[in-house]
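One letter stands for each residue in the lines below.
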Amino acid sequence: MRIQLSDHFTYKRLLRFVAPSIIMMICTSVYSIIDGLFVSNFVGKTQFAAVNLIFPVLMAMSTVGFMLGTGGSAIVSMALGMEQREKANRDFSLLIYTGIVLGMFFAITGFIFMPTIASALGATGELLHYTIIYGRILSVGQAAFILQNMFQSFFPVAEKPELSLKVSVSAGLTNFFLDFLFIVVFQWGLAGAAAATVMGQIVGGIVPLIYFIRKNNSLLQLTGTKFDGRVLLKACTNGSSEMLTNLSTSIVNMLYNYQLMKIAGENGLAAYGVIMYIYFIFAAIFIGYSIGGSPIISYHYGAGNYDELKNLFKKSLIIIGIAGITLTVLAELLALPLTKIYVSYDAELLEMTCRGFRLYSLAFLVGGFNSFSSSFFTALGDGGVSAAISFLRTLVFQVSVILILPVFLGLDGIWLAIGAADLLALGVTVTFFLVKRRKYHYA
């Protein structure tokens, strides 16, 4: 039975609705994970370090997709909640077309300036060579990747989360199959890994574009539109927290790489890359829940259904709390077998990676609440609060602890930094929940 945004949501109905978004985010995170798996085991450690060094920059370029997707989905959902479907389609179309233009801009600039960017990150010699190769090829796919990030937010708005799942699985399988073909069979090395990723992104971004261009039975349809600066500004400000989160994460990852290069050298870069690959799979559950749940929150807030808004808020906190405990336990138990998949060939690197992941994963206990709070206020149209939570969590707190903790704890301080930052951010999250509860009627 089709679940509609206007429904009353029990735990079962809520989990069924957000499940495709969660699995979709897991599949999306598979891009870099699959590349890392094949590159680490079939190409070489230096090439693996090159992937880990440049990937945060490529993710930073694609953050406009998260901004336009999350900020725009709240606008479109509220319009649907107010029964303004024509406006919803017009705004949806404007945002998608804007994403295409920005994606083409980043593709061109990324390709041209990749040598300068790689050198600025500290890459030299062989590492510089491989970083430029991987970075330039992935720059070509920026438009498709930005669209994929946007459609992740708009599929639930269209009441088609299951299509989002199918597209993401198809994109992930495309990446996996082509990685095997290009790297193992054709022996194309790092260039093959990058080409496979771009092909997967094309599936993830272009297939949904074709679906929404054609007539369909969802709530959304790409139509003719006109430039509306107010809609774009609202989408950008409302989604600025998600862009800030992802942009800050990329900046923080660069800082992690810098600190690790000083303390542990190339092994540190490789260990951090493995930790992030596994961490992204676990964290995708929180991100996917937030993406899947946001349109429901926006719809009921726009419709003035405050009882349902309270219901969603309470259930979401309980679900996230249980998920946080479960993920932390699983991470501690599975740390060794998961890290062995990547670095079983090097005993020293394996020990460093396993210990690092166990310390890094403590962040799951509280991190989910911070992820949800940012998307929750975005869904309510309060981009200012959402941006404040994201800015403090991902930039101010993480940058501070990554600079301070290693002074006292060495390498362990780097692994514990994200958990310490999330603990500090939880105080900000709780404060905003309490201060804003009467304005938005969710508690």
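The rules behind the values
- Residues numbered from 1 in each chain as written.
- Predicted model: local features only at pLDDT ≥ 70, side-chain atom pairs only at ≥ 80, totals over all residues.
- Heavy atoms only, no water.
- Salt bridge = Lys/Arg side-chain N within 4 Å of Asp/Glu carboxyl O.
- Helix = DSSP H or I, 4+ residues; strand = E, 2+ residues; numbered from the N terminus.
- Buried < 20%, exposed > 50% of the residue type's maximum accessible area, 1.4 Å probe, protein only.
- Axes fitted to C-alpha atoms, helices over the stretch in contact; angles between N-to-C directions.
- Parallel < 35°, antiparallel > 145°, perpendicular 65-115°, else oblique.
- Left-handed = near helix turned anticlockwise from the far one by under 90°.
- Contact = heavy atoms within 4.5 Å.
- Nonpolar A, V, L, I, M, F, W, Y, C, P; charged D, E, K, R; others polar.
- Bend = angle between axes of the 7 residues up to and from the residue.
- Patch = residues over 30% accessible without salt bridge, like charges linked within 9 Å, V, L, I, M, F, W, Y side chains within 5 Å.
- Areas by Shrake-Rupley, 256 points an atom, 1.4 Å probe, with all protein chains shown as cover.
- Polar contact = N/O pair within 3.5 Å; in protein donor to acceptor, adjacent residues only side chain to side chain.
- Core = buried A, V, L, I, M, F, W, Y, C linked by side-chain atoms within 4.5 Å.
- 1 Å grid on protein atoms, 1.4 Å probe; cavity = no way out; pocket = protein on both sides within 12 Å on 5 of 7 lines; lining within 4 Å.
- Points joined across faces, edges and corners; volume = space filled by probe spheres on them.

Explain the pattern of salt bridges here, please?
Across all of its chains, the model carries five salt bridges by this definition. The closest approach of N and O atoms between Arg90 and Glu86, which form a salt bridge, is 3.9 Å. Of the two residues, Arg90 and Glu86 both sit in helix H4 (residues 85–120), four residues apart, roughly one turn of that helix. Using a relative accessible area of 64% as the deciding quantity, one classes Glu86 as exposed. A salt bridge links Asp91 to Lys87; its shortest N-O distance comes to 2.6 Å. Note that Asp91 and Lys87 are positioned in helix H4 at a spacing of four residues, about one turn of the helix. Classification of Asp91 by relative accessible area gives buried; the value is 3%. With relative accessibility at 29%, the residue Lys87 sits in the partly exposed group.

Even after reading the chapter, I still don't get the packing of helix H14 (residues 364–379) against helix H15 (residues 383–409), so can you show me in this structure?
For any two helices packed against each other, the geometry is given by the interaxial angle and the distance between the axes. Viewed as axis vectors pointing N to C, H14 and H15 meet at an angle of 155°, and their least axial separation amounts to 7 Å. By the angle class used here, H14 and H15 are roughly antiparallel. The way H14 lies across H15 gives a crossing that is left-handed. Contacts between H14 and H15 involve Gly367, Asn370, Ser371, Ser373, Ser374, Ser375, Phe377 and Thr378 from the former and Gly383, Val385, Ser386, Ile389, Ser390 and Arg393 from the latter. Broken down by class, the residue content of the contact of H14 with H15 amounts to three nonpolar, ten polar and one charged.

Can you help me understand the environment of Phe369 in this one?
Along the polypeptide, Phe369 turns up in helix H14. Phe369 sits 22 residues away from Phe391 along the chain, and the two C-alpha atoms are 15 Å apart. With residues up to four places along the chain from it excluded, the contact list for Phe369 reads Leu317, Ile320, Gly321, Leu426 and Thr429.

I keep staring at H4 and nothing clicks. Help me out?
Note: α-helices contain 3.6 residues per turn, so residues at a spacing of three or four share the same orientation. Within H4, the axis deviates most sharply at Phe113, by approximately 60°, and proline Pro115 lies no more than four positions further along. Within two residues after H4, Gly122 carries a phi angle of roughly 100°, on the positive side.

Quick question: what am I supposed to make of a nonpolar patch on the surface here?
Residues Ile325, Val329, Leu330, Leu333, Leu334, Leu362 and Leu365 make up a contiguous nonpolar surface patch of about 610 Å² in total accessible area. With five residues, helix H12 (residues 306–343) is the single largest residue contributor to the nonpolar patch. With respect to the helices, strands and loops of the structure, Leu330 is situated in helix H12. In this structure Leu330 comes out as partly exposed when scored by relative accessible area, which is 36%.

What am I meant to see in the side chain of His300 here?
With respect to the helices and strands, the residue His300 is situated in helix H11 (residues 265–303). With a relative accessible area of 2%, His300 lands in the buried category. In this view, His300 contacts Leu5, Ser6, Asp7, Phe9, Asn305, Glu308 and Leu312; residues no more than four positions away in its chain are not counted.

Looking at this structure, I do not really get the side chain of Gln47. What am I missing?
Along the chain, the position of Gln47 falls in helix H2 (residues 45–61). The class for Gln47 is buried, based on a relative accessible area of 10%. Separated by 3.3 Å, the side chains of Gln47 and Tyr130 make a polar contact.

Teacher, can you tell me more about the nonpolar core here?
One recurring pattern in soluble globular proteins is that nonpolar side chains are buried together. By size, the foremost hydrophobic cluster in this structure holds 98 residues, and its most contacted members are Tyr134, Tyr256, Tyr360, Trp415 and Tyr442. It is H11 that provides the largest number of residues to this core, a total of 17 residues. With residues up to four places along the chain from it excluded, the contact list for Tyr134 reads Asp35, Val51, Ile54, Phe55, Leu58, Leu190, Ala193, Ala194 and Thr197. Of all hydrophobic cores here, the second largest spans 29 residues; its members include Met67, Leu95, Leu147 and Ala158.

I would appreciate a short explanation of empty space enclosed by the protein in the present structure.
In this approach, a probe sized like a water molecule rolls over the atoms, and the result shows the empty space that is left. The tally for this structure, following the rule as stated, stands at three cavities of 30 Å³ or more. Each pocket or cavity is described by its volume, and for the second largest cavity that value is around 50 Å³. Forming the boundary of the second largest cavity are Met24, Gln148, Phe151, Gln152, Phe155, Ser164, Val167, Ser168, Gly204 and Pro208. Elements with a contribution of two residues or more to the lining of the second largest cavity: helix H6 (142–157), helix H7 (161–185) and helix H8 (189–213). At four residues, H6 tops the list of elements feeding residues into the lining of the second largest cavity. Grouping the amino acids of the lining of the second largest cavity by side-chain chemistry returns five nonpolar, five polar and no charged.

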